[in-house]
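So the chains spell out like this:
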Amino acid sequence: MTLPSSSKPPVSFGTLTAQALQDILHDGNEIAVLDVRPQGIYARSHLLLAASAPYWRLELDIDHLIPRRQTRIVLVDADGSESTQAAAKLNLLGYDNIHILQDGIEGWKAAGFELYSGTNVLSKAFGELLEEELGTPHIDASELKQRLSRGDNLVVVDSRTSEEFEAFSIPGAHSLPGAELVYRIGEVAPDPETLIVVNCAGRTRSIVGAQTLINAGLPNRVVSLRNGTMAWLIEGETLANGRVQPAPTPRGPSLNVARQRASLMAQRAGVTQLSSEELQALTLQNVTVYRFDVRDKQEYLAGHLPGWRWAPGGQLVQATDEYAATRGAHIVLADWDGVRAQTTAAWLAQLGGYHVHLYTVEAEAQHTLDVGPETRRVLQAYPESPEWITPTELAELQKYGNPEVIEIENSVAYARRHIAGARFIAPHALPAYLASLPPHTPVVLASTDGTWARSVAQALLARGVAVRPLQGGTLAWHQAGLASGQGRERLLTGRDDAWYNPYVFDTIEERDRNFNTYLDWELGLVAQLEREPRTGIDLKGSLHAPA
């Protein structure tokens with residue numbers, strides 16, 4: 001199959017040297033730095049303030065990452081070559097203030113500036129800085145095990161998402177995702193003499209979670225579990241699977257106390273409150289406004305303000321770059337309880353880089369709520385529409401033909417289970433692979449629900465190559481009970497497509513090696529931050545917290 005060259009539309013962009021970009025990163029104006037390489041490649045080496053926005057996913061991700069079309073955007077890749085294609089696509093999608101980092105990360109490195117590995121780096125470095133600057137206390141896994149065995153007066157609270165908790169958790173722990181800690185802690189630890197141990201899978205959310213309760217002025221002794229469930233497993237302990245152990249919803253005096261504690265956190269961090277009129281006026285200005293509902297998923301689904309996105313508070317602090325790529329933008333947070341938005345806002349204000357506000361949901365607004373998941377807009381860069389193929393049609397084609405079936409979304413999920421006979425190829429490698437196929441080979445692309453496959457098929461069709469996306473994606477295929485396989489044998493692009501977290505392993509030896517490498521990386525982030533001219537982090541809201 002030979003790929004014809006695509007007709008290139010006029011591209012409008014400027015070029016910035018590494019020094020010029022460094023000079024404007026903190027000039028007070030909005031800026032979004034996007035790394036357009038695949039996430040797995042991005043995770044190996046990237047700029048601290050660059051958000052991952054792979055070229056082949058721009059149609060899916062750009063609207064929620066950068067909702068304002070006039071935002072100043074700087075594109076980054078390995079050497080500057082891929083960014084030109086990304087600029088062309090963004091022009092088609094309506095973005096018109098685009099710049100390219102000259103010579104990409106190679107130029108950045110040559111200028112003597114720092115590069116980082118990993119994902120959500122600034123948020124994770126923030127956690128490490130909290131522990132170093134504030135002395136967030138911790139407990140080792142071995143001591144926690146001894147205390148649990150003795151039956152000491154303590155509770156373990158897990159600050160990860162409820163989905164992560166259900167996948168695995170420390171036996172007996174309660175699920176209190178980050179923003180839920182101050183809100184619900186009184187329900188699981190009403191005794192001020194109870195020791196509270198906050199854990200996560202590694203370090204960041206344990207540290208931030210413990211410091212949240214300390215900053216809130218809890219009378220209890222609060223500690224983080226040093227190195228989280230990684231340390232728990234290295235110690236030879238086991239984790240529970242499939243548990244759902246949420247804390248009760250606070251009522252009456254318990255809720256009032258939580259509100260008072262959260263309010264003090266927000267006040268110390270200098271978070272501002274917006275009225276309905278002020279919020280409306282802000283949205284009419286030529287600025288970016290992100291509006292996030294930070295309640296839990298079920299509450300959001302049951303009813304949320306029209307146009308407001310869901311971002312559980314703990315994750316918004318843990319992975320800010322995945323929700324709001326425009327630094328210098330306004331972030332407005334809301335809840336229904338007066339607790340979760342305030343604690344989340346307090347941390348975002350200290351993380352820096354945004355104007356952070358609170359919005360109180362007025363009673364009358366609760367009569368005009370949207371129900372269900374947030375609306376994610378998939379933009380259209382190309383007008384052509386590819387032809388869908390249903391799972392049943394593909395199964396028939398596999399019986400009587402020899403189609404090339406390619407999964408593109410996530411190589412970790414592919415290794416666990418995939419369409420029988422399918423290969424995995426990350427989209428950035430598709431053009432070269434398709435060009436190597438015999439002419440007229442039928443090609444079917446599959447993503448999780450079909451959305452991304454359709455978007456990639458559109459881009460290929462614009463280049464003159466007709467491939468068919470699988471309608472309903474791998475979800476529909478597996479739900480139909482059609483043949484599946486597993487393993488990495490036909491995975492052709494390695495780990496380029498995604499960041500592999502330390503919990504992806506085949507043997508205990510590999511697991512422990514992954515854990516130790518990851519923990520050493522996190523511990524080294526503070527030293528890297530010291531080489532940054534400026535990060536925006538300001539711990540003013542924590543330095544005067546109660547001891």
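Rules used in this analysis
- Residues numbered from 1 in each chain as written.
- Predicted model: local features only at pLDDT ≥ 70, side-chain atom pairs only at ≥ 80, totals over all residues.
- Heavy atoms only, no water.
- Helix = DSSP H or I, 4+ residues; strand = E, 2+ residues; numbered from the N terminus.
- Buried < 20%, exposed > 50% of the residue type's maximum accessible area, 1.4 Å probe, protein only.
- UniProt positions renumbered as here; feature names shortened; annotations may be inferred.
- Phe/Tyr/Trp six-rings, centres within 6.5 Å; stacked < 30°, edge-to-face > 60°.
- Lys NZ or Arg CZ within 6 Å of the ring centre and 35° of its normal.
- Contact = heavy atoms within 4.5 Å.
- Pairing = 2+ DSSP bridges.
- Domains from an automatic or database assignment.
- Buried area = accessible area lost by both parts, 1.4 Å probe.
- Salt bridge = Lys/Arg side-chain N within 4 Å of Asp/Glu carboxyl O.
- Polar contact = N/O pair within 3.5 Å; in protein donor to acceptor, adjacent residues only side chain to side chain.
- Nonpolar A, V, L, I, M, F, W, Y, C, P; charged D, E, K, R; others polar.
- pLDDT = per-residue confidence, 0-100.
- 1 Å grid on protein atoms, 1.4 Å probe; cavity = no way out; pocket = protein on both sides within 12 Å on 5 of 7 lines; lining within 4 Å.
- Points joined across faces, edges and corners; volume = space filled by probe spheres on them.
- Core = buried A, V, L, I, M, F, W, Y, C linked by side-chain atoms within 4.5 Å.
- Axes fitted to C-alpha atoms, helices over the stretch in contact; angles between N-to-C directions.

1. Topic: unusual backbone geometry
If you check the backbone angles, D103 has positive phi at about 65° while not being a glycine. With respect to the helices and strands, D103 occurs in the loop between β5 (98-101) and α5 (104-110). On the accessibility criterion, D103 (43% relative accessible area) is partly exposed. You will see that N120, though not glycine, has its phi angle at about 50°, which is positive. When its relative accessible area of 8% is taken as the criterion, N120 is described as buried.

2. Describing the UniProt feature "domain: Rhodanese" (unreviewed entry) in the protein chain
Within this structure's numbering, the places UniProt gives as "domain: Rhodanese" (unreviewed entry) are residues 27-117, 150-241, 293-362 and 407-486. From the first C-alpha to the last, residues 293-362 spans 14 Å; its make-up is 40% helix and 19% strand. The span residues 407-486 is 39% helix and 16% strand, and its two end C-alpha atoms sit 12 Å from each other.

3. Some details on helix α9 (residues 180-188)
Counting buried residues along α9, seven of its nine residues qualify, which places the element largely inside the surrounding structure. For α9, the complete set of buried residues consists of E180, L181, V182, Y183, R184, I185 and V188.

4. Details of the packing of aromatic side chains
Applying the stated criterion across every chain, the model contains 12 aromatic pairs. Here Y290 and F292 contribute two aromatic rings whose centre-to-centre distance is 6.0 Å and whose plane-to-plane angle is 5°, an arrangement assigned as stacked. Accessibility classification places Y290 together with F292 in one group, the buried group. Seen in terms of ring centroids, Y503 and F515 are 4.9 Å apart; in terms of plane orientation they differ by 55°. Their pairing is tilted. One end of the pair, Y503, is in the loop between β21 (484-485) and α23 (508-523); the other, F515, is in helix α23, with 12 residues separating them in the sequence. These aromatic residues form a ring-pair network of at least three members: F168, Y503 and F515. The side chain of R57 reaches across the aromatic face of W452, ending 4.7 Å from its centre.

5. Concerning the side chain of R147
In this structure, R147 sits in helix α7 (residues 141-150). The class of R147 is buried, set by a relative accessible area of 19%. Residues within four places of R147 in sequence aside, it is in contact with I139, D152, L154, L195 and R221.

6. Points about the pairing of strand β7 (residues 154-158)
Across the five residues of β7, five count as buried, placing the element largely inside the fold. Here five bridges tie β7 to strand β9 (residues 195-199), and the two strands are oriented parallel to one another. Pairing of L154 across the sheet is with L195, part of β9. Alignment of β7 against strand β8 (residues 174-175), held across two bridges, turns out to be parallel. Considered in β8, the bridge of V157 is made with H174.

7. Some words on the domain arrangement of the protein chain
According to the domain assignment, the protein chain contains domain 1 (14-119), domain 2 (124-260), domain 3 (261-367) and domain 4 (391-485). Domain 1 and domain 4 are separated by 29 Å when their C-alpha centres are compared. Listed as interface residues are eight residues of domain 1 and, on the opposing side, 11 residues of domain 4. For the pair domain 1 and domain 4, the two sides together bury roughly 800 Å², of which 67% comes from carbon and sulfur. One can count zero salt bridges joining domain 1 with domain 4. Summed over the shared surface of domain 1 and domain 4, the number is two residue pairs in polar contact (both at pLDDT 80 or more). Residue composition of the side of domain 1 that touches domain 4, by class: five nonpolar, one polar and two charged.

8. A look at the confidence of the model for the protein chain
Averaged over the protein chain, the pLDDT score is 94; the fraction of residues at 70 or greater is 97%. Across residues 1-7 the pLDDT falls below 50, and counting only partners more than four positions away or on other chains, this stretch makes 18 contacts in the model.

9. A few points about the layout of surface pockets
Of the voids in this model, the second largest pocket is the one considered here, and its volume is about 540 Å³. Secondary-structure elements contributing two or more residues to the lining of the second largest pocket are α3 (58-65) and β12 (289-293). Residues lining the lining of the second largest pocket come from more than one domain, with at least three contributed by each of domain 1 (14-119) and domain 3 (261-367).

10. Overview of the pattern of salt bridges
Going through the model one piece at a time under the given rule, you end up with 29 salt bridges. D35 serves as the salt-bridge partner of R37, at 2.7 Å between the closest nitrogen and oxygen. We note that R37, like D35, is buried. The salt bridge involving E180 is made with R184; its shortest N-O contact spans 2.6 Å. Here E180 and its partner R184 are both found in helix α9, four residues apart, which amounts to about one turn of the helix. Given the relative accessible area of 6%, E180 is considered buried. Taking relative accessible area as the criterion, R184 reaches 8% and is therefore assigned buried. Three or more residues are tied together by salt bridges with common partners; here these are E180, R184, D296, E299, D337 and R340.

11. Section: the nonpolar core
Grouped together as the largest cluster of nonpolar side chains are 102 residues, with contacts concentrated most on L21, L47 and I196. Setting aside chain neighbours within four positions, we find L21 in contact with L16, I31, V33, L47, V74, L101 and W108. Core analysis: the second largest hydrophobic core is formed by 42 residues, A32, L93, I98 and V465 among them.

12. Observations regarding the sheet that holds strand β16 (residues 404-407)
The four strands lie next to each other as β18-β16-β19-β20, forming an open sheet whose pairing is parallel. The sheet is open, and its two edges are formed by β18 (423-424) and β20 (468-469), each paired on a single side. Two strands pair when backbone bridges link them, and β16 and β18 are joined in this way by two bridges, in the parallel orientation. Considered in β18, the bridge of E407 is made with F424. Contacts between helix α21 (residues 451-462) and the sheet are confined to β19 (443-446) and β20, with β19 contributing the most and set at about 140° to the helix.

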